[in-house]
Each structure stands twice: as C-alpha cells, then as structure tokens.
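# Examination of the molecular architecture
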Amino acid sequence: MSLLEKASIITTPTAYGVGVLNSIKPAIPFGEELISCGNFECASPLANWTNNSDGTISIVDNKLKVTNVTGRGRAFRDISGLVVGQPYQLFVGNSAGTLTGYAHIGSNFNITLNNNYTFIADNTTMTLQLGVASTSSPNDTFFDNLSLKQITNADFDFTRTSSATRVNPDYLLETVSINSDELVQNGNFSELSSELITNGDFINGLNSWTYQGDSITIVDGAVRINRVTNTTFIQQNVLTSGKTYLVEFDVLDKVDNNGTFIVRLGSNNVYNVSSYEGTRFSKYITSSGVDFRLYSSSDNGVVYIDNISVKQVDPNNNWIAYQTSTSTTNKELGLIRIDLNSSNSNAGAYQENVFENGKKYKIVINAKGSASFNMSLLESNGAATIATIGTPSLTTEYQDFLFNYTGTGSYDIFLHRLSSASSANQSIFIKSVSVIEIQENGVPRLDYTNGTASILIEPQSTNLIPYSSDFSQWSLGSGTTVESGYLSPDGTNNAYKVSGGGGALTVGFPIADQTQTRTIYAKTVSGTGQAHLCSYFGNTNNLFTITDQWQRFEVNGTTTPTGSVNFYGVDFRGSTNLSEIIIWGAQTEVLTYATSYIPTSGSAVTRAAETLNNAGNSDLINSTEGVLYAEVATLVEGGSNRFLGLSDGSSDNRVVILYTNAANKIRAILSSGGTKYVDKTVDVSSTTDFNKVAIKYKANDFALWIDGVEVATDTSLNAPVGLDRFDFLLAGSNNFYGKVKSVAVFKEALSDTELACLTSTNNREIFLNYYYRMQYVGANTEALSCAEQTFNI
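A brief look at the structure comes next.

Reading guide: rules and limits
Residues numbered from 1 in each chain as written. Predicted model: local features only at pLDDT ≥ 70, side-chain atom pairs only at ≥ 80, totals over all residues. Heavy atoms only, no water. Helix = DSSP H or I, 4+ residues; strand = E, 2+ residues; numbered from the N terminus. Buried < 20%, exposed > 50% of the residue type's maximum accessible area, 1.4 Å probe, protein only. Contact = heavy atoms within 4.5 Å. Areas by Shrake-Rupley, 256 points an atom, 1.4 Å probe, with all protein chains shown as cover. Pairing = 2+ DSSP bridges. Axes fitted to C-alpha atoms, helices over the stretch in contact; angles between N-to-C directions. Phe/Tyr/Trp six-rings, centres within 6.5 Å; stacked < 30°, edge-to-face > 60°. Core = buried A, V, L, I, M, F, W, Y, C linked by side-chain atoms within 4.5 Å. Disulfide = S-S within 2.5 Å. Polar contact = N/O pair within 3.5 Å; in protein donor to acceptor, adjacent residues only side chain to side chain.

### Some details on the overall build of the protein
Scanning the protein for helices and strands turns up 5 helices and 61 strands. Taken across its 793 residues, the protein has 51% of its residues classed as buried. By sequence separation, contacts in the protein at least 24 residues apart represent 72% of the contacts at least 6 residues apart. For the protein, the exposed surface amounts to about 32800 Å²; the carbon and sulfur share of it is 44%.

### Observations regarding the sheet that holds strand 25 (residues 291–296)
In space, the 5 strands of this open sheet follow the order 17-20-25-22-23, with antiparallel pairing throughout. The open sheet has two free edges, formed respectively by strand 17 (210–212) and strand 23 (268–272), since each of these has just one partner strand. Across the sheet, the axes of successive neighbouring strands diverge by a mean angle of 20 degrees, strand direction being ignored. Strand direction decides the pairing type here: strand 20 (residues 232–237) and strand 25, joined by 6 bridges, are antiparallel. What sits directly across from Asn 237, in strand 25, is Asp 291.

### Re the packing of aromatic side chains
Inspection of every chain in the model, using the stated rule, returns 24 aromatic pairs. Pairing Phe 189 with Trp 319 gives two aromatic rings, centres 5.4 Å apart and planes at 50 degrees, and the pair type is tilted. Note that Phe 189 is positioned in the loop between strand 16 (178–179) and strand 17 and Trp 319 in the loop between strand 26 (302–312) and strand 27 (320–322), a separation of 130 residues in sequence. We classify Phe 189 as buried; its relative accessible area is 3%. Classification of Trp 319 by relative accessible area gives buried; the value is 0%.

### Brief notes about the sheet that holds strand 8 (residues 87–96)
With antiparallel pairing, the 5 strands of this open sheet are ordered in space as 5-6-12-8-10. At either margin of the open sheet sits one strand with a lone partner, and together these are strand 5 (55–60) and strand 10 (116–120). Across the sheet, the mean angle separating the axes of adjacent strands is 35 degrees when strand polarity is ignored. With 5 bridges joining them, strand 6 (residues 63–68) and strand 12 (residues 139–150) adopt antiparallel strand pairing.

### What to know about the nonpolar core
Core analysis: the largest hydrophobic core is formed by 42 residues, its most contacted members being Leu 644, Ile 657, Leu 704, Phe 726 and Phe 728. Excluding residues within four positions of it along the chain, Leu 644 makes contact with Leu 628, Ala 630, Val 632, Val 656, Ile 657, Tyr 659, Phe 726, Asp 727, Phe 728, Leu 729 and Phe 736.

### A closer look at the state of the cysteines
Applying the stated criterion across every chain yields a total of 1 disulfide. Residue Cys 37 pairs covalently with Cys 42 via a disulfide, S to S 2.0 Å. Classification of the bridge connecting Cys 37 and Cys 42 rests on its S-S torsion, roughly -100 degrees, and on that basis the disulfide is left-handed. A relative accessible area of 19% places Cys 37 in the buried class.

### So, the environment of Asp 571
The residue Asp 571 is located in strand 48 (residues 566–571) in this model. Along the chain, Asp 571 and Gly 503 lie 68 residues apart, while their C-alpha atoms are 6.4 Å from each other. Leaving out residues up to four positions away in the same chain, Asp 571 has contacts with Gly 503, Ala 504, His 532, Tyr 536, Phe 537 and Thr 576. A distance of 3.1 Å separates a polar side-chain atom of Asp 571 from the backbone nitrogen of Phe 537. For Asp 571, the side chain forms a polar contact with the side chain of Arg 573, separated by 2.9 Å.

Written out as structure tokens, the structure is:
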C-alpha cells in the first residue's frame, strides 16, 4: 500500500472556498451509510420501523407510505452507533401523496426534505421520525432514498476579515477573490411557475375541466370543441387577476375555418386560434380574472386541441413594478419594458434586499431603448443613485453596462427610467440584470511567489503609505517628474516612470522611531543600473541593483532621522547612476519583515490576520499511534513561537511542530494527559526555506524526521489521548504564520523506510491530484518509486 493510500488526511494548495481550505483526502467526505434499506428495496423494508396509533405505514412502489387516521401519521426508527459531538448529513426524499411530509431526528425538528441536512449528534442513538404534515385525515405522504452518514471531511476552517493579495499562477499580483452565486432572482425575467392546468393532455378525459356547449368530446386523446347553437367552452379557474401567463396548446385541426375559437383570460378575449391550425399556440397574456377559457362564439366551428399548458411568469414576484399614472412597467417573459407616456415621469422595477453594507458587487445590466435615455441604478426607491447610464443611443441593439459598487447599507436594487422633458413616449427594454458579490474576505491564498503553489498564512499588518501606487500624489524633488501608464506587476497599466537628476520622489506618513520594513517594486526602462529606494540616500542599506525585470526591494529600519519620516520611492542622489526608473507598490509596515502587498488609495489599509484550523476528527486522527507530516516554511527566522499539529483543543494532549522564537530551530512536542513526554529541538539551515518534517508517535516509540533524516528519537513515553483536530496554532494562541506546501496525517506509525521516503528532499516534484494518481498507478502501488508514492508539489 502506498503512502498516498495510507494517509487519512492530505491537504495541498489545490482547492478553496470562502472560509474553507479543502483537503484532497479523504476524497469522499462521508462515512458508511447508517440507515439500512433506505431505498426500501430489501426483503423486509419495514423491519426497523414502527408507527404510532394515529396512523399506518406500508410500502408502495418501494416507498414508505405514511397515512394518518386519527391524528398525525408517524413512522419511527432508531439509529445507533452515532458519535456524540460529530457532524452528520441526513437526506430524506419526500414525494407528496395528498400532503407533503415532515422529518425529525432527535431534537432536530423541521428538517428540509429532498435536501441534505447537517446536524451534530447529541446522543449515541437518535430516533428518526417521518410523518404527515397535517392532523386532518385521511391523508398520506411517501418517503424514499433515506441516507445518514457521518461527515468525515478534513477541510480546514479559514478566516481573514479583509482582502489580501497573492502572486497568481501567471506571476501577477492580484487580490484573491471568489464570485458569489447570482444575487438577484429571476435576473433574466424568464422564471415560470409549475404547471397550473390539471389534465391538460386529456389523458383522464374531461376530468378537472368545467365545460359547456353543444358538443365537447375527447377524440384520440384531444378535446373536440364543436359549436352549434350556443357558446361552447372548456375552462379551469387557475389564474390571478393582473398576473402574466405563458399560454400554450396544440391546435391539431381546424375543421371549419368559418368558426372562431378564442383564448380568454378573465374577462378579456385576447386571441383567436383560427390561424394556428397544425401548430402550437404560444403567447404571454396578462389576465383580468381567474378563469382560463377556450371557447367558440361562432356557429359551425370545430377545433381539436391538445397539450394545454398555463404557467405564471415571475410567480415569486421577485421584481416589483414601480409606476405612475403617466408611466407603466410591464413584466414579460425575458424582459422588463418601462414605458413613459409623458415627460418628467418615473417608472421602473425593483428587487428587495440585494445589497449589504461594505460588500463589493459587480452589476451587469443588458438593456436597450427606443431612443437615447437616462437610466439610473438606485439602492432603493428614492435612495441615492449608485450610478447613471448617460445617454447612449440604443435604438436597435442590446448592450451590457457594467457597474462596480460597494454597498453602503442593506438596500434594494432599483432599475428605472426618469424622463426628461424631451423624452416622453419612449421605452426602455431591460433583458437581464446580474448582481454578483466579489468575495475577498475569508478567501485562502494559494501563492505562487516561489514558482509553485503554497498556502500563505500571514499576521495582521498595515500599509502606512496612503497612496501605494498613485505616485502623482507624492512630492516631487528638484527636477523630478512622474509619468503614468506603464505595465505593473498586477498586469494593468498603472505603474509610473520617475525621471530626474539630483531629486527624489517622496511621501510622508505618520510614523517615526519605530521598527519598520519598507518595500517597493521597481525596474529599469532598459538595461541595469543602481538607485536608492525606500529611504533617504544617506542611509547605507538602500542602494539596489535594478534590472529591466520587476523585483520587490526591501529595507528594514533606517539609519538616519531623515529617512524615518518619509518614504523615498526613488532618490536619484548619492550613488544612483540611473536617471529614470519604473516603480509600483510602495509599502511600509511596523514589522521586522515584509508581508504581501497591501494596496492603498488615500489612507492606510490593514490586512487582517489569517487563521487555518479545525480540520479532521477522531475518525481521521488516531491517538494511539500515527504520523504528523508537514512541508512548511516560516515568514521570518525566530521572533515568536508558532505551532501546527494535532491536539484535543488544549496543550494537555498534543503532537505538534513548533517554530521557536530562536532562529533556525524546529521543535517537536508530544504531551499526554497534561504531561510533556517529548520536547526535541533540532537546528536547520533556515526555517524560511521549506522543510519536510514528520513526527512518528506511539507508546514508547517517538521519532522526528526532517528532510529525509531521523534527527531525534524517544522510547519512554505515553501516547496522547483524545486527538481530534489539526490546527495551525495551539490552544487558541501561537498561530503559525508562513507558507504551507502540504500537510498529512497517518493513522499508523510508519516504518523508517516510509518516513525517509516521505521526508526525502531528493524526490522529483510531483503535483498531487489524488484521484488521478490512483487512476494512474492502479493496483500496482507496490511498484511505485519513493518519489511517486509521496505528495510533493
């Protein structure tokens, strides 16, 4: 069995979402099925079920039928073997009989049916209850496809309450983000209700239809309407006055074209069907009443009609029309049409509770007009305008209009036409509206600074430079000029060329006499040369060799008072031999080392600290024996204690890797029951370089391996108890900040050969995709080389 197969948890920089870093193993994040015969297709499908006295249970078409008799019908089943405190996922399929059903498990009530429901077990045995959602009887409901499994995924919880940047796979700096799902409902105005007509295909004859006339019959599965001496019709009362409907049916044959057969919704005779012979009638119609009717008002007309369908357009009323006596807003399938019948009128449509305060949104509106017009996007009716489309000429073509917006409250989206005196009797057509939140907070960063991905975890830091890349806001020294429009490390043309001789480009910020780290991106226009960057030229640590490739240059601290209160984007004095330079991304932090770029545009900006915790559970982590593995690097040598590893949430039981406040040292600690049995410290060449570290643990057998070498052992120890989580901290503090290429957990103590293989630095680099690797090697895992068995990236 390969190391890939033996690991119970594997996490690499591969997948993430908002608030989560996904592990790639376990690939199936669930335990075994806990409900036997959940599909009711076994020999004794009711063997584990009981019912109460107010109902009956039975099996019909491989479904559990629950019928109420004197009260609510209910079926009960105990499910044992649960682990208290562990998460579970329940699915209960429900197809309505005469009524829909309900489900409870333990103290969890009002479970949503036909969807996955998660809960935390509060007992080792919990009762599943399925029943009819009414006490009126007789009624029944059907259940099927029952499933209950323990959630065993090893995904890490991730937090960061601010935006942050990374180097992406194209080596460009970007703000890491994820787009939300679509926030407006029915944004293309095409939503339809379920079918409102019963027996529209006449399989059940004329059941469900009200009918009147000389001859209403069913012929070959279609309705035959024959007018002789009076009004003849078929009808169902399924409509709501003022609502719009999609009406469709097949006109199979029109025997006598002298007759006229009419579609009526409410009191409105809206369409005749004489011209639809042999085709399908399909129209969007607004009703003036409750009845849908097909009828003949002419003598001697015969028509055959089949497959009648009526569905309401926008049944959930997502878009609310706003209009006045001189304007109208019409909701149709596929668009909203806003008509202004006089000048200085307002009309439109809005949808409630779309925006939230402080969140970022991308809004795209596809629209056209019968003439040039103004269209504003507002937060709510009467609120301040977000943005206004000017006066585009949209007489024939739909166009997309893009808005970037940051919410200032919990508001609605309001699309409207506000007329001017010259634009009465014109229309706007809005075909689609899209609102997507650009989610930056809580998104993990897979950073490619070193050429391959690593998970970047950083502490809180503030960029004190008010304009980090807009150097037009900085002060120009004698003879110094700036010019915008140059390609920057983020892939846009927002870098500046600074030119001059004997001057400097500077900006002041409110800090002095503190430890600082200053950074800036710089390159030459061409060739190679030297310039003073980040601080006053009189300092001794700021003269850098600059090439025609972007580099990030760093200065720690200052050596003269002059350089401590100003940031020097470039200082052309002193030993500088360049007269022009391109710069971007200035940053000053009150730290002893540089962190990732924090963009600013007018004031200092803080990036929040990141945490990565709470992966795994007691099923995936074995306290009796196992291996903890990590390939990680710190952001700086020494400085503070930083933990990662396994624990029970305290320091009493733990197997952890510790980077100490001393430089170039890695410690391994094992505690059991509050006693520290192992505490080993090993020197390494640098903790800011990636090291492969593995800790083997079991009673009286401890070993620490680093980069292919066993560096420490212990044969007198107890194994920890209660290990149930993997955190990048210990007991709520001493967070690990650094870069993570991979971590893994094994539920057994590996052999020395396997540990050497796992931590070897001689393996060729392999980007692990667990699923593909298993397909590639198939059953022949014994033939894999050491490199092929591991998960280096």
